[in-house]
Amino acid sequence: MKAQLLFISTLLFVFSAKGQENIDTEAIEKIRNEGLNNSQVEQIAFELIDKAGPRLSNSKGYERAANYAVSQLTEWGLENAEKEPWGEFGRGWEVNKSYVAMTKPYYMPFIAVPKAWTESTDGPVSGKVVFAEIYDEEDFDQYRGKLKDAIVAFVPRGDQAPTFEADAVRFTEERLKEMEEPRSGSRFTPEEIAAFRKRRAFSQTLNTFLTEEGAALVIKGVNGRHGTLFTSSPRGYLKDTPVGVAELEMAPEHVNLMSRLVENDVEVEIEAEVKTTFNDEDLQGYNVIAEIPGSDRKLKSEVVMLGGHLDSWHGATGATDNAAGCIVMMEAVRILQATGLKPKRTIRIALWGGEEQGLHGSRGYAKNHFGDSETMVLKEEQQQISAYYNIDNGTGRIRGIYLQGNEDVAPIFTDWFKPFEDIMENTTITIRDTGGTDHLSFDRIGIPGFQFIQDPVEYRSRTHHTNMDTYERLVIDDLQQIAVIVASFVYNTAQRDEMMPREKLETTE
C-alpha cells in the first residue's frame, strides 16, 4: 500500500526529463476545480461593466472600476493594491447628454455617439444638413464662408450591404494550423498604411477649418452595419488640444439615408444636442496594481505579471474590450488565493489605463520600473520579471499563444497546455508576433510578454470599439476557461526553477 501511494504521488508531477516541465498536477487540478466550479466571473463582470459603466481613461467610470478592483483585490487577500500613477495622460471627459433625430422630411431618431473628447453644442441645434466632400485642403475653398451655424455631415466609407456569414465565429482547425506558420511583414500594404496616416493627420486640419468656419455640429458616418457603429480614436484628451466643433459619430445607415434624400433634392433637417464636460483637475493616468507575495526566500523577489487594460471606449460599457481581460485576470488571482497555493515567486496583477490611446498605462509603467525602450537603458527591476501574460482579444476562449519570436518558450508552453486539452481543442503555439496591446510594452523592453490566441467570437464584427460592446456579448464559459488557463500559466511560471527564457537584447550601458 505504501509503495502504491508513493507511485500515485509521483504521478502528480510530469517527469523532469529533458525537454519536459515539472508540473504540479495536483495544483493544476485545484485551479481547474476552483475556476470551473466556483467561478466568480459573472459577479466581477457585473461590477466592471454594468456598475462602473463606460471606462474611458480618466473618466468617472474608469475611476469607479479602478476603485472596485483595488477594493476587491484587497478583500481577496492580495497585498499592495493601489491605483499607481504612470505619468500624465490628459483631460477626463464625460457625456452628459446626447440626442439627435431627423425632423424633416419626417421624424426619425438616429443612432449616434458623441466622438470622444468632443465639445458641447451651443444648446439645442437644428437646421438643414449640408453634406461636405472634403478630402484634402484643396477642397476647403468651395465651402469657405458657407458653413456658419451649419450641420455638416460626412458620408461613411465601407460596405453596409447584407452579410451572409455569421457575426460570431470560432477558429477552425485549418485556420489555427495556418497561424502556426511564420508571417513576414505587416498585414497592411505600405499604400494602406500611408493612406491611414494621411487621413489621421488631415482630421485635425479639417477640425480646425470647420471650427474657423463656425459650423454648429459635425455628423460623421462611421464604419459599421446593422446598427453597430465603430468609434474612433482622437487625441482630444491632451491638455493643449484646441477647442473644436461638437461631433457625433453616426450609424452609417442613417447617414446614408440622409445622403440619398439630399441627392434626390429632398430637404433634410435634424435637431440635436450634445452636452459634455471636461476634467482638468487631475491629468495623471493610473493603473491598478496588486500582488500575491512569493513564498520562497530566494525567489520571492522575482515577479510573474498578468494583466489587461481596464479602460474602454464610451459608446457602450466595454464588455469585450477589455473588461473581459480584466475579469479573467482578477478571477485568475482569486483562484490562486482560494486554492491556498503558495507561489514561490511574487505574482503581480496590473489593470492598465490609457491603452486605447496608445498603450500609455503599460508603457508608462514599463518606463518607470524597467527602463526606456527607446534608449534601452534598463533598470535593475527589469531583470526580476520572469514573464507577463495578457488578455485583450475579446471574450473568446484560449486556443493557443503567440510566442513573439521567443522560440525557447515553445516546449514549455506545450507542456503547460497539455492538462487542458479537453477544454481547448487544437492548441496552436505560433512563433508569430501579435500587436496592438499591452504585452508589447514588456516585449519591447526585453521582458517575455505574451498574448494568448483567442476565438474571435464577435470581436471584429460587433464589439471591438463599438456601441454594442455590452455584457450580453460575453461568453461566460469561455471566460471561465481563460481564467483557469491563465492561473495555471502564472502559477507554473512562479514555480519554475529558472525564470522564463529571454530573447537576446541589445542594451545601452
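Described below are features of the structure shown in this document.

Cut-off values and rules
- Within each chain, residues carry numbers counting from 1 in the order of the written sequence.
- Residue-level local features of this predicted model are given only where pLDDT is at least 70; pairs of side-chain atoms are given and counted only at 80 or more, and the full residue set underlies all totals for whole chains, interfaces and linings.
- Heavy atoms from the whole structure form the basis of all side-chain values; hydrogens and water molecules are not counted.
- Only strands that DSSP links by at least two bridges are regarded as paired with each other.
- Helix and strand assignments come from DSSP, with helices taken as H or I runs of at least 4 residues and strands as E runs of at least 2, each series counted from the N terminus.
- A pocket, in this scheme, is an open set of points on a 1 Å grid over the protein atoms alone with protein on both sides within 12 Å along at least 5 of 7 lines, while a cavity is a set where a 1.4 Å probe fits but cannot get out; residues line either one if an atom lies within 4 Å of a point.
- Grid points are joined across faces, edges and corners, and a volume is the space filled by probe spheres set on the points.
- Residue classes follow a fixed rule: Ala, Val, Leu, Ile, Met, Phe, Trp, Tyr, Cys and Pro count as nonpolar, while Asp, Glu, Lys and Arg count as charged, and any other residue, Gly among them, counts as polar.
- Within this document, salt bridges are pairs made up of a side-chain nitrogen of Lys or Arg and a carboxyl oxygen of Asp or Glu, the two lying within 4 Å of each other.
- Note on exposure labels: buried denotes an accessible area under 20% of the residue type's maximum, exposed denotes more than 50%, and partly exposed covers the range between, all computed with a 1.4 Å probe on protein chains only.
- In this analysis an axis means a line fitted to C-alpha atoms, helices contributing only their contacting stretch, and an angle means the value between N-to-C directions, from 0 to 180 degrees.
- In what follows, residue pairs with any heavy atoms lying within 4.5 Å of each other are defined as contacts.
- To estimate how far a helix should reach, multiply one less than its number of residues by 1.5 Å.
- Any pair of N or O atoms that falls within 3.5 Å is considered a polar contact. Within protein, one atom must be able to donate a hydrogen and the other to accept it, and sequence-neighbouring residues count only if both atoms are side-chain atoms.
- Buried Ala, Val, Leu, Ile, Met, Phe, Trp, Tyr and Cys residues form a nonpolar core when they are joined through side-chain atoms within 4.5 Å.
- Stacked, tilted and edge-to-face are the three classes applied to pairs of Phe, Tyr and Trp rings, where Trp contributes its six-membered ring and a pair requires centres within 6.5 Å; stacked means planes under 30 degrees apart, edge-to-face means over 60, and tilted covers the rest.

Things to note about the pairing of strand β5 (residues 125-131)
Where a strand is regular, its side chains alternate between the two sheet faces. Two elements, β5 and strand β11 (residues 269-279), share four bridges in a ladder whose sense is antiparallel. In the strand pairing of β11, K128 is matched with E269. In this sheet, strand β6 (residues 151-154) lies alongside β5 in parallel orientation, the contact comprising three bridges. Each bridged residue has a counterpart across the sheet, and for V130 the counterpart in β6 is V152.

Observations regarding empty space enclosed by the protein
Empty pockets left among the atoms are what a rolling probe the size of a water molecule brings to light. On inspection of all chains with the given rule, the structure shows two cavities of 30 Å³ or more. Lining the largest cavity we find S312, W313, H314, G315, A316, G318, D321, T463, H465, T466 and D469. Taken together, the residues of the lining of the largest cavity break down into two nonpolar, seven polar and two charged. For the lining of the second largest cavity, the class distribution of residues is four nonpolar, five polar and no charged.

Observations concerning the pattern of salt bridges
As enumerated under the stated definition, the model contains 25 salt bridges in all. For E267, the salt bridge goes to K104, with nearest N and O atoms at 3.1 Å. Of this pair, E267 sits in the loop between α7 (252-263) and β11 while K104 sits in strand β2 (residues 92-104), and the two are 163 residues apart along the sequence. For K104, a relative accessible area of 36% puts it in the partly exposed group. The partner of E302 in a salt bridge is R345, with the nearest N and O atoms 2.7 Å apart. Separated by 43 residues along the polypeptide, E302 in the loop between β12 (284-292) and β13 (303-309) and R345 in the loop between α8 (319-339) and β14 (346-352) bring together distant segments of the chain. Of the residues examined, E302 reaches a relative accessible area of 15% and is grouped as buried. On the accessibility criterion, R345 (0% relative accessible area) is buried. Where salt bridges share partners, they join R170, R397, R399, D455 and D478 into one cluster.

With respect to the sheet that holds strand β19 (residues 428-430)
Ordered by their spatial adjacency, eight strands build an open sheet running β1-β12-β14-β13-β17-β20-β18-β19, and the pairing between neighbours is mixed. Across the chains shown, the open sheet's two edge strands, defined by having one partner strand only, are β1 (79-88) and β19. Shown here is a sheet whose adjacent strand axes are inclined to one another by a mean of 25°, direction ignored. As paired strands, β13 and strand β17 (residues 385-390) are joined by five bridges and run parallel to one another. Each residue of the ladder has a partner; that of V304, found in β17, is A387. Across the sheet, helix α5 (residues 173-180) lies against β18 (398-402), β19 and β20 (449-454), angled at about 25° from β19, the strand it touches most. Of the strands in this sheet, β1, β12, β13 and β14 are in contact with helix α9 (residues 360-369), which crosses β1 at around 100°.

Topic: helix α2 (residues 25-37)
The end-to-end C-alpha distance of α2 is 18 Å, a good match for the 18 Å that 13 residues give at a rise of 1.5 Å each. Those residues of α2 lying buried are A27, I28, I31, R32, E34 and G35. Measuring from the side-chain oxygen of the N-cap residue of α2 to the backbone nitrogen of E26 gives 3.2 Å; that N-cap residue is D24.

Points about the nonpolar core
Grouped together as the largest cluster of nonpolar side chains are 72 residues, with contacts concentrated most on M330, I349, Y389, F413, F452 and V486. Setting aside residues up to four positions removed in sequence, V486 forms contacts with L306, M329, A332, I391, I398 and F452. Counting 22 residues, the second largest nonpolar core, distinct from the first, contains V129, A246, V255 and A272.

A short note on the packing of aromatic side chains
As enumerated under the stated definition, the model contains 23 aromatic pairs in all. With 4.5 Å between their ring centres and 10° between their planes, F89 and Y237 make a pair best called stacked. With a gap of 148 residues between them, F89 in the loop between β1 and β2 and Y237 in the loop between β9 (228-229) and β10 (247-250) connect regions that are remote in the sequence. Accessibility assignment for this pair places F89 and Y237 in one class, buried. A centroid spacing of 4.1 Å and a plane angle of 5° characterise the contact between Y388 and F442, whose relative ring orientation is stacked. Highlighted residues: Y388 in strand β17 and F442 in helix α12 (residues 439-443), separated in sequence by 54 residues. Overall, the relative accessible area of 0% leaves Y388 in the buried class. Through successive ring pairs, a cluster of aromatic residues spans Y389, F413, W416, F417, F450, F452 and F489.

By themselves, these are just geometric observations and shouldn't be taken as functional.
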